[in-house]
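Listed below, chain by chain, are the residues.
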Amino acid sequence: MKLNRTTLRSVEILKLVSKRPDGITLDEICEALKMPKTSAYDIVVTLAETGMIHVAKGQRQVYTIGLTAYRIGISYTNHMDVLATLEPELKVFAREIGKTVFYGVLAGHEVVYLCKSEPENPIITTATVGSKNPVYCTSLGKAILAYVDADTRQKIMDRIHFRQKTPRTILSREALSEELEKVREKGYALDAREVEDHMECVGAPVFDQEGRVLGAISASSLYKPQEDYEKLGAAVKEKAAALSKVLGYMGEMG
């Protein structure tokens, strides 16, 4: 049986990109796969247009795994559909706490929202399924970044370009590192009005059966001075721990 060469090359590129959560350049793809740059570029452009890979533009253009590819690849963890497992749980949780609940994963140095569950009277949130936000100012991003391995965290932080979204946005690597230490101590992260001045969010990591951070869940609501966000963080952490156990994680939660 004759296999299509372009299709094989596309699969090879996807495999290569998936192994580099910090991103990979076109030159690195060409070097690793011994491909002409023009051939690789045509395939990469097509993969980007279809959402199979994501293009991150900065000082140099790098590629990370795309939302479409993630949705295909994440279909089963331990023979279970992760999103199908999480969504009904998060719908119930959103009603219980009366807040909008998200599930997100890393996409390069950003977090992408894969699931959104709303309570009966939801507030309007700018985050939608498929949208992205920086890791350094979101509770989802901080919750994940705090628990990835040190090497991955280093590479992701190397790519962050801090930009002020509100007066409370973290704007330095040092401040982010200190924040991540607090996340590991508490087991949950806060977005203390760092993305939008009127919104406060808390997030906690979700682990797979191997103990690797798979993503994170968060609870978002309009900021209220009287709200106990530490108590909410503990509730989100408890829910994330329960979801991790459903996905096969047997370890202790931080």
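The shown structure was predicted, so the numbers you read here are calculated from the model rather than taken from an experiment. (Residues numbered from 1 in each chain as written. Predicted model: local features only at pLDDT ≥ 70, side-chain atom pairs only at ≥ 80, totals over all residues. Heavy atoms only, no water.)

Engineer: Looking at this structure, how should I read the nonpolar core?
Structural biologist: Note on soluble globular proteins: their nonpolar side chains tend to be buried together. Counting 28 residues, the largest nonpolar core has Leu86, Leu90, Tyr103, Leu114, Ile217 and Val236 as its most contacted members. If one sorts the elements of this core by residue count, helix H5 (residues 82-97) sits on top with 6 residues. Other than its neighbours up to four places away in sequence, Leu90 contacts Val101, Tyr103, Cys115, Ser117, Ile217 and Leu243. Ranked by size, the runner-up nonpolar core spans 26 residues in total, among them Val135, Ala143, Ile156 and Val213. (Core = buried A, V, L, I, M, F, W, Y, C linked by side-chain atoms within 4.5 Å. Buried < 20%, exposed > 50% of the residue type's maximum accessible area, 1.4 Å probe, protein only. Helix = DSSP H or I, 4+ residues; strand = E, 2+ residues; numbered from the N terminus. Contact = heavy atoms within 4.5 Å.)

Engineer: When you look at the sheet that holds strand E6 (residues 189-192) in this model, what are you seeing that I'm missing?
Structural biologist: Adjacent strands of a sheet form backbone hydrogen bonds with each other and so pair up, either parallel or antiparallel. Spatially, E5-E4-E3-E8-E7-E6 is the arrangement adopted by the 6 strands of the open sheet, whose pairing is antiparallel. Strand pairing shows two members of the sheet lacking a second neighbour, strand E5 (132-134) and E6, which therefore form its edges. Recorded for the sheet is a direction-independent mean angle of 30° between the axes of neighbouring strands. In terms of strand pairing, strand E3 (residues 100-107) meets strand E8 (residues 213-222) through 5 bridges, oriented antiparallel. From the neighbouring strand, Gly104 faces E8, where its bridge partner is Ala216. Taken strand by strand, helix H9 (residues 229-246) contacts E6, strand E7 (199-207) and E8, and its axis lies near 25° from that of E7. (Pairing = 2+ DSSP bridges. Axes fitted to C-alpha atoms, helices over the stretch in contact; angles between N-to-C directions.)

Engineer: Please explain the confidence of the model for the chain as it appears in this structure.
Structural biologist: Model confidence for the chain is summarised by a mean pLDDT of 88, while 94% of its residues fall at 70 or above. Low pLDDT, under 50, characterises residues 75-80; the stretch is placed with 10 contacts to residues that sit more than four places away or in other chains. (pLDDT = per-residue confidence, 0-100.)

Engineer: So what exactly am I meant to see when it comes to the pattern of salt bridges here?
Structural biologist: Counted under the stated rule, the structure contains 15 salt bridges. Of the charged contacts in the structure, one is a salt bridge between Lys239 and Glu89, with a shortest N-O distance of 2.9 Å. Linking Lys239 in helix H9 with Glu89 in helix H5, this pair joins segments that are 150 residues apart in sequence. On the accessibility criterion, Lys239 (15% relative accessible area) is buried. Classification of Glu89 as partly exposed rests on a relative accessible area of 31%. Among the salt bridges present, the one from Asp208 reaches Arg212, with a minimum N-O distance of 3.1 Å. Residue classification places Arg212 among the exposed residues on the basis of a relative accessible area of 53%. Residues participating in the shared-partner salt-bridge network are Arg20, Asp22 and Glu28. (Salt bridge = Lys/Arg side-chain N within 4 Å of Asp/Glu carboxyl O.)

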